[in-house]
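Chain residues, written in single-letter form:
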Amino acid sequence: MLLGQSILFAALQASLFLVPGYGMSEIQRRFLTCGDPSLQCDHGVIMVYGVKFSTIELSSNERPKACSDTEAFNGVSNRCDGNEKCDVATSGSVCDLCNSAYLTNIFLDVTYGCLESKKVTTCHGVVHLECGDGVVFLQKALYGRIDSQTCSQGRPQSELTNTKCSQEGTLALWSQRCDGKQTCEVNMRVNQISDPCVGTYKYLDVTYICLPAKTSITCEGSTSSLDCGKGVIKVFHANYGRRDGSTCSAGRHELSNQNCLQPKTLDVVKQWCEGKSQCTVGLDPVFGDPCYGTYKYLEVSYTCLGGSPTV
């Protein structure tokens, strides 16, 4: 291993993988090749923290562009983060492990951890997702019924027989409301606006992980800057809008809409910031106005690979 890679590997161990309270395994390292392009977590879900692309190219005037470490990292992270298993083969990409224009000793040097998930269930009320100093990231959410045992006490059998009941869009609904927050209240009444299976007694199941991330808040009219010093930025969640009544609220009255979301925020922030040591994102011109008349803010949950964040 090169000296620079050794230093980064040690920094990752010190700054990310030994953080208590996140249910994270110790750092793991794998060399992925065309014949073995998969990552897997036997317990929990994958979180990628570093990728190096290495190969010996054929001597050719038409050899393809070399894959940068940033391109490799973004590709593996997008395919693997939050999944129990993933395949990183990317046919047609400059980072393709099976690109015939390269010699056979092409590989991705990947460092990652496995995050254990938490599960909460409510039969008729409210549950809270808690992540301490980390942030919530939803994996699964179900409103309906997929077995006859959960939330069955005192209910007639006729209300438990339909075990193929699920409300479409439940994961997206609660991801938009909870991802990136340290705590989040999940109220079943939000789902009860519509009934996916009349006559069936339903429950709400939420599975989530806690990410060791920091959150940057920038109020409307300002510019957002992230700084990881000698490290690089990895973005987990971003939204421009409003999801509560207290953030960026001093002296403001336009706070009633607390479900103001801009879906393209994460893609934009990743494009500007992912893999960089520093970045600056302007607000209004970049994101537009997702909810006219509401005073908005940009929230970004991120971590620094090999460094400590400065906001």
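Scoring rules and cut-offs
Residues numbered from 1 in each chain as written. Predicted model: local features only at pLDDT ≥ 70, side-chain atom pairs only at ≥ 80, totals over all residues. Heavy atoms only, no water. Helix = DSSP H or I, 4+ residues; strand = E, 2+ residues; numbered from the N terminus. Expected span 1.5 Å × (residues − 1). Buried < 20%, exposed > 50% of the residue type's maximum accessible area, 1.4 Å probe, protein only. Arc of directions from axis to C-beta. Contact = heavy atoms within 4.5 Å. Pairing = 2+ DSSP bridges. Axes fitted to C-alpha atoms, helices over the stretch in contact; angles between N-to-C directions.

Counted at 1.5 Å a residue, the expected span for helix α2 (residues 69-80) with its 12 residues is 16 Å, and the 16 Å between its end C-alpha atoms agrees. All buried positions along α2 are accounted for by Ala72, Phe73, Val76, Ser77 and Cys80. In a view along the axis of α2, the buried residues occupy a sector of 120°, so they form one face of it. Elements in contact with the buried residues of α2: β2 (38-40), β3 (45-54), β4 (85-87), β5 (107-115), β14 (232-241) and β16 (297-305). Backbone geometry just downstream of α2 places Gly82 in the positive-phi region, at approximately 85°.

With that settled, consider the sheet that holds strand β11 (residues 203-211). Pairing in this open sheet of four strands is antiparallel, and the strands run β6-β11-β8-β9 from one edge to the other. Each edge of the open sheet is held by one strand with a lone partner, namely β6 (118-122) and β9 (165-166). Examined bridge by bridge, strand β8 (residues 135-145) and β9 share two bridges and lie antiparallel to one another. Residue pairing for β9: Arg145 is matched across the bridge by Cys165. The sheet contacts of helix α3 (residues 170-178) involve β8 and β11, and relative to β8 the element is tilted by about 150°.

The strand order β12-β16-β14 describes an open sheet built from three strands, whose pairing is antiparallel. Every interior strand has two partners, whereas the edge strands, β12 (214-219) and β14, have only one. Between one strand axis and the next, the sheet turns by 20° as a mean value, whatever way the strands run. Bridge analysis of β14 against β16 gives nine bridges, and the strand direction is antiparallel. Across the sheet, Val232 pairs through a bridge with Leu305, a residue of β16. Here helix α4 (residues 265-273) sits on the sheet in contact with β14 and β16, set at roughly 145° to β14.

This part is about the pairing of β11. In terms of residue burial, β11 counts as a mostly covered element, since nine of its nine residues are buried. The alternating pattern of β11 places Tyr203, Asp205, Thr207, Ile209 and Leu211 and Leu204, Val206, Tyr208 and Cys210 on opposite faces, both of which are buried. When β6 meets β11, the two strands line up antiparallel, connected through five bridges. Residue pairing across strands places Thr122 opposite Leu204, the latter belonging to β11. For β8 and β11, the ladder comprises nine bridges, and the chain directions are antiparallel. Counted as the bridge partner of Ala141 is Val206 from β11.

Geometric descriptors of this kind do not, in isolation, establish any biological role.
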